[in-house]
Amino acid sequence: MDRLDGMRIFVAVAEAGGFAPAARRLALSPPAVTRAVAAVEERIGARLLHRTTRVVRLTEAGMRFLEDCRRILAEIEEAEAAAAGLHAEPRGPVAVTAPVLFGRLHVAPVLFDVAGRYPGLVVRSFFIDRIVHLAEEGYDVAVRIAELPDSGLSAVRVGSVRRIVCASPAYLEAHGTPRSPAELAEHEAIPFFQGSTLRDWTFHHGGRTGAVGQTETITPRARLIVNQADVAVAAAVAGRGLTRVMSYQAAAAIRAGQLVVLMEEFEPPPIPIHVVHQEGRRASARVRALVDFLAEGLRADPTLRG
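Everything quoted here is computed from the prediction, not taken from an experiment.

The rules behind the values
Residues numbered from 1 in each chain as written. Predicted model: local features only at pLDDT ≥ 70, side-chain atom pairs only at ≥ 80, totals over all residues. Heavy atoms only, no water. Helix = DSSP H or I, 4+ residues; strand = E, 2+ residues; numbered from the N terminus. Buried < 20%, exposed > 50% of the residue type's maximum accessible area, 1.4 Å probe, protein only. Contact = heavy atoms within 4.5 Å. Pairing = 2+ DSSP bridges. Right-handed = clockwise from strand over helix to strand, strands pointing away. Polar contact = N/O pair within 3.5 Å; in protein donor to acceptor, adjacent residues only side chain to side chain. Axes fitted to C-alpha atoms, helices over the stretch in contact; angles between N-to-C directions. Expected span 1.5 Å × (residues − 1). Core = buried A, V, L, I, M, F, W, Y, C linked by side-chain atoms within 4.5 Å. Phe/Tyr/Trp six-rings, centres within 6.5 Å; stacked < 30°, edge-to-face > 60°. Lys NZ or Arg CZ within 6 Å of the ring centre and 35° of its normal.

Q: Run through the overall build of the protein, naming residues and quoting values.
A: Along the backbone of the protein there are ten helices and 14 strands. Seen through its C-alpha atoms, the protein measures out along the principal axes to roughly 75 × 45 × 35 Å. Looking at the protein as a whole, 44% of its 306 residues qualify as buried. The long-range fraction of contacts in the protein, counting pairs at least 24 apart against all pairs at least 6 apart in sequence, stands at 72%.

Here it is, written out as structure tokens:
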């Protein structure tokens, strides 16, 4: 077995999280997969995997080697495709991750178009409300709604969203319209939490232009607390109180006249949306195709213009 085969088998084991599932994916026997990975470790003189009876985990050396293997295998595949005259048509698997609701509303429609545009691509999506480590978890592209820390990832900004407070017209008619954060104490709120943490509402007295100003944090008065933004939006539409969500999460209800945006002058600065990926200019053709398609599709969405 040559070095490239060994790399491919190691990548399969790392991505599948075990020798048996990797063997099924590769149509090999588990002992053959185990021997191949052992041969790679012996050749390079480093332990790449921690093996237990239940799980296989990458060592620190294994994480670095996995990233290098993916890059090398992608470059070889792209070189072969170019030599065969296929470089204009991206081919092969590509994986993308995004937050759940954002993925359903905004990323999935773009992926449907990608599948129609590039029939040679096999697109795998993973929508989850946590930060996915691209290299460790086997994903090529991520859509992130946040200010990005410095990292080795390449990022393309595609838009922004706002943190908004909104309520139904019926609720405002019955209870009045708050004009400042201090007046929220007189109203029912519908906050939502992630994990076990209830989020306070922070307001920006410098305006949402990002100018320097005071911030004010409010602990909302609530009798209904939820853990999903779409549930908070539905409760607000039903007239149960005010909620604070990202603008894209309530956009459909706002367009339909079911919700009204309040206190816009106290909103924090908009939150940027980025499409991120590894390897920069050396990214494979299929990754570049997906990044470009996502960037074009998301930039064209008026909901994501802050």
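Q: An account of the pairing of strand S4 (residues 121-127) is needed here, citing residue identities and associated values.
A: Bridge analysis of strand S3 (residues 92-98) against S4 gives seven bridges, and the strand direction is parallel. By the bridge assignment for S4, Ala 95 is matched with Arg 124. Each parallel crossover has a hand, and the one from S3 via helix H5 (residues 100-117) to S4 is right-handed.

Q: Describe in detail the side chain of Ser 168, supporting the description with residues and values.
A: For Ser 168, the position within the fold is in the loop between strand S7 (163-167) and helix H7 (169-175). A polar atom in the side chain of Ser 168 sits 3.1 Å from the backbone nitrogen of Tyr 171. The contacts of Ser 168, once residues within four sequence positions are left out, are Ala 236, Val 237, Gly 239, Gln 258 and Leu 259.

Q: Can you break down the sheet that holds S3 residue by residue, with the values?
A: Spatial ordering of the open sheet is given by S4-S3-S5-S14-S6, a layout of five strands whose pairing is mixed. Two strands close off the open sheet at either side, each with one partner strand: S4 and strand S6 (154-161). Each adjacent strand pair in this sheet contributes to an overall mean axis angle of 20 degrees, direction not counted.

Q: I'd like to hear about helix H10 (residues 285-299), residue by residue, with values.
A: Compared with an ideal rise of 1.5 Å per residue, which puts 15 residues at 21 Å, H10 spans 21 Å between its outermost C-alpha atoms and is within 8% of the ideal. Those residues of H10 lying buried are Ala 285, Arg 286, Val 287, Ala 289, Leu 290, Val 291, Phe 293, Leu 294, Ala 295 and Leu 298.

Q: Requested: an account of the nonpolar core, with residues and values cited.
A: One finds Phe 102, Val 143 and Leu 294 to be the most contacted residues of the largest nonpolar core, which totals 29 residues. Looking at this core, the elements with two or more residues in it are S3, H5, strand S5 (141-145), S6, strand S14 (271-277) and H10. Among the elements that make up this core, the one with the highest residue count is H10 (eight residues). Beyond its immediate chain neighbours, meaning those up to four positions away, Leu 294 contacts Val 96, Val 107, Val 110, Leu 111, Val 141, Val 143 and Val 275. In terms of nonpolar packing, the next biggest core, distinct from the first, is built from 22 residues, Ala 14, Val 37, Phe 65 and Leu 73 among them.

Q: Which residues make up the sheet that holds S7, and what values do they have?
A: A sheet is described by the order of its strands in space; here three strands give the open sequence S12-S7-S13, paired in antiparallel fashion. The open sheet has two edge strands with one neighbour each: strand S12 (243-246) and strand S13 (260-262). Within this sheet the neighbouring strands show an average axis-to-axis angle of 50 degrees, counted without direction. In this fold helix H9 (residues 247-255) packs onto S7, S12 and S13, with an angle of close to 110 degrees to the strand it touches most, S12.

Q: Residues and numbers for the packing of aromatic side chains, please.
A: Scanning the model with the defined rule gives four aromatic pairs in all. Their ring planes at 50 degrees and their centres at 5.3 Å tell us that Phe 10 and Phe 65 sit as a pair that is tilted. With Phe 10 in helix H1 (residues 3-16) and Phe 65 in helix H4 (residues 60-83), this pair connects stretches of sequence that are 55 residues apart. Judged by relative accessible area, which is 16%, Phe 65 ranks as buried. Arg 124 extends its terminal NZ or CZ atom over the ring of Tyr 139, reaching a point 4.6 Å from the ring centre. Over the face of the ring belonging to Phe 203 we find Arg 244, whose NZ or CZ atom lies 5.3 Å from the ring centre.

The values reported here are purely geometric and, on their own, carry no functional implication.
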